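Coordinate inspection notes
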Amino acid sequence: MRALALVALLFLAGCTPSATTAHSEAVTVQRDGVTLRGTLQVPDLAPGERVPVMILMHGYASWSDEPHLVRTAEQLAAAGVASLRVDFTGQGQSDGDLGEFGDAAVTQLADADAMLAYAQALPFAGDISVLGYSLGGLVAASLAGSHPDEIASLVLLAPASPYGVYAPILRTAQQYRGPVLILQGDSDRLVPVRVAEQYAAAFEDVELRILPHENHDFSYGTDVEGMTVRFVTRGG
């Protein structure tokens, strides 16, 4: 009886589909002598398999382990998508100085180029997508416009206002012709809805979702992570 029970358990284990597993590792990205630190999260891969990769960019004076970015990375891995999230210069575990808000995007644009190059060099990298939150959204939009043929899709979460010294960045972003998803809370006190609408007007293939009651931190409970994963994997 004990042997039969063991056989039955082994049979059931072999027939039960296993969930996609993933591993994460600390990585460093070099940019003009500055060391940027972050996390690479990769689903289990078959030999020679290539998978999509999404670069996740955090907001100003923050770091790449923002809870919603970590949750997004986990859900992406479960869907078979790798992710790279890296602390910008002077933030989190990365070297360098943060600088004032008005100067930070210039440095972060250079950081973003280095992140893209790193992702493209990964041996398993397929299509590359980019997600940016707040100031990281402004940077992500510019990165996509600067490399329009290298970015498969773009997700912007409450992207920072492209006004003043940042106005040229929106003009650069308009060069991107790929699919764009913009998620914006209607209760965001830092970035008003009209900013998201301005971004939406800059793109050709864009979906703008205004999320009821959601704030700048997306802490109301909307499944922003699920929306992102479905968009990147074209699940709607």
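See above for the structure.
Just so it is clear, the structure is predicted and the values come from calculations on it, not from any experiment.

A few words on the overall build of the protein. The secondary structure content of the protein amounts to seven helices and eight strands. In terms of C-alpha radius of gyration, the protein reaches 19 Å, essentially the compact-globule figure of 18 Å for 236 residues. Here the C-alpha coordinates of the protein stretch approximately 75 × 45 × 30 Å along the principal axes. Buried positions account for 48% of the 236 residues belonging to the protein. Considering only contacts in the protein between residues 6 or more positions apart, those separated by 24 or more positions represent 72%. Working note: accessible area of the protein is about 11000 Å², and carbon and sulfur atoms make up 54% of it.

Look at helix 3 (residues 101-121) against helix 4 (residues 135-146): their axes get within 9 Å of each other, and the N-to-C directions meet at 50°. It follows from the interaxial angle that helix 3 and helix 4 lie oblique. In this structure, helix 3 meets helix 4 at a crossing whose hand is right-handed. Each of Phe101, Ala104, Ala105, Gln108, Leu109, Ala112, Asp113 and Leu116 in helix 3 lies in contact with helix 4, whose residues at this interface are Leu135, Leu138, Val139, Ser142 and Leu143. For the contact of helix 3 with helix 4, a count of residues per class yields ten nonpolar, two polar and one charged.

Bridge analysis of strand 7 (residues 180-185) against strand 8 (residues 206-211) gives six bridges, and the strand direction is parallel. Note that in strand 8 the partner of isoleucine 182 across the bridge is leucine 208. Chirality of the crossover, the property in question, places the unit of strand 7, helix 6 (residues 193-202) and strand 8 among those that are right-handed.

Attention now moves to the pairing of strand 4 (residues 82-86). Most of strand 4 sits inside the fold, with five of its five residues counted as buried. Neither face of strand 4 is exposed, since Ala82, Leu84 and Val86 on one face and Ser83 and Arg85 on the opposite face are all buried. Direction of pairing for strand 2 (residues 34-43) relative to strand 4: antiparallel, over a ladder of four bridges. Bridge assignment links glutamine 41 to a residue of strand 4, and that residue is serine 83. Note: strand 3 (residues 51-57) against strand 4, four bridges, orientation parallel.

Sheet strands pair via backbone hydrogen bonds, and the direction of the pair is either parallel or antiparallel. Taken together, the eight strands give an open sheet; going across it, the order is 1-2-4-3-5-6-7-8, and neighbouring strands pair in mixed fashion. The open sheet has two edge strands, strand 1 (22-31) and strand 8, and neither has a second partner. When the angles between neighbouring strand axes are averaged without regard to direction, this sheet yields 20°. With six bridges connecting them, strand 3 and strand 5 (residues 125-133) associate as parallel partners. Residue pairing across strands places methionine 54 opposite serine 129, the latter belonging to strand 5. Strand contacts of helix 2 (residues 67-78): strand 1, strand 2, strand 3, strand 4, strand 5 and strand 6 (153-157), with the helix running at about 180° to strand 3, the strand carrying the most contacts.

On to the environment of glutamine 75. Residue placement: glutamine 75 occurs in helix 2. For the pair glutamine 75 and alanine 22, spaced 53 residues apart in sequence, the C-alpha to C-alpha distance is 10 Å. Dropping the residues within four chain positions of it, glutamine 75 is found in contact with Asp223, Glu225, Gly226 and Val229.

Here the focus is helix 4. If you check helix 4, its first and last C-alpha atoms are 17 Å apart, about what twelve residues at 1.5 Å a residue would give, namely 16 Å. Among the twelve residues in helix 4, eleven count as buried, and that is most of the element. Among the residues of helix 4, Leu135, Gly136, Gly137, Leu138, Val139, Ala140, Ala141, Ser142, Leu143, Ala144 and Gly145 are the ones counted as buried. In this fold, the buried residues of helix 4 make contact with strand 3, helix 3, strand 5, strand 6, helix 5 (167-173) and helix 6.

Thresholds, definitions, all that
- Residues numbered from 1 in each chain as written.
- Predicted model: local features only at pLDDT ≥ 70, side-chain atom pairs only at ≥ 80, totals over all residues.
- Heavy atoms only, no water.
- Helix = DSSP H or I, 4+ residues; strand = E, 2+ residues; numbered from the N terminus.
- Rg over C-alpha atoms; globule rule 2.2 N^0.38 Å.
- Buried < 20%, exposed > 50% of the residue type's maximum accessible area, 1.4 Å probe, protein only.
- Contact = heavy atoms within 4.5 Å.
- Areas by Shrake-Rupley, 256 points an atom, 1.4 Å probe, with all protein chains shown as cover.
- Axes fitted to C-alpha atoms, helices over the stretch in contact; angles between N-to-C directions.
- Parallel < 35°, antiparallel > 145°, perpendicular 65-115°, else oblique.
- Left-handed = near helix turned anticlockwise from the far one by under 90°.
- Nonpolar A, V, L, I, M, F, W, Y, C, P; charged D, E, K, R; others polar.
- Pairing = 2+ DSSP bridges.
- Right-handed = clockwise from strand over helix to strand, strands pointing away.
- Expected span 1.5 Å × (residues − 1).

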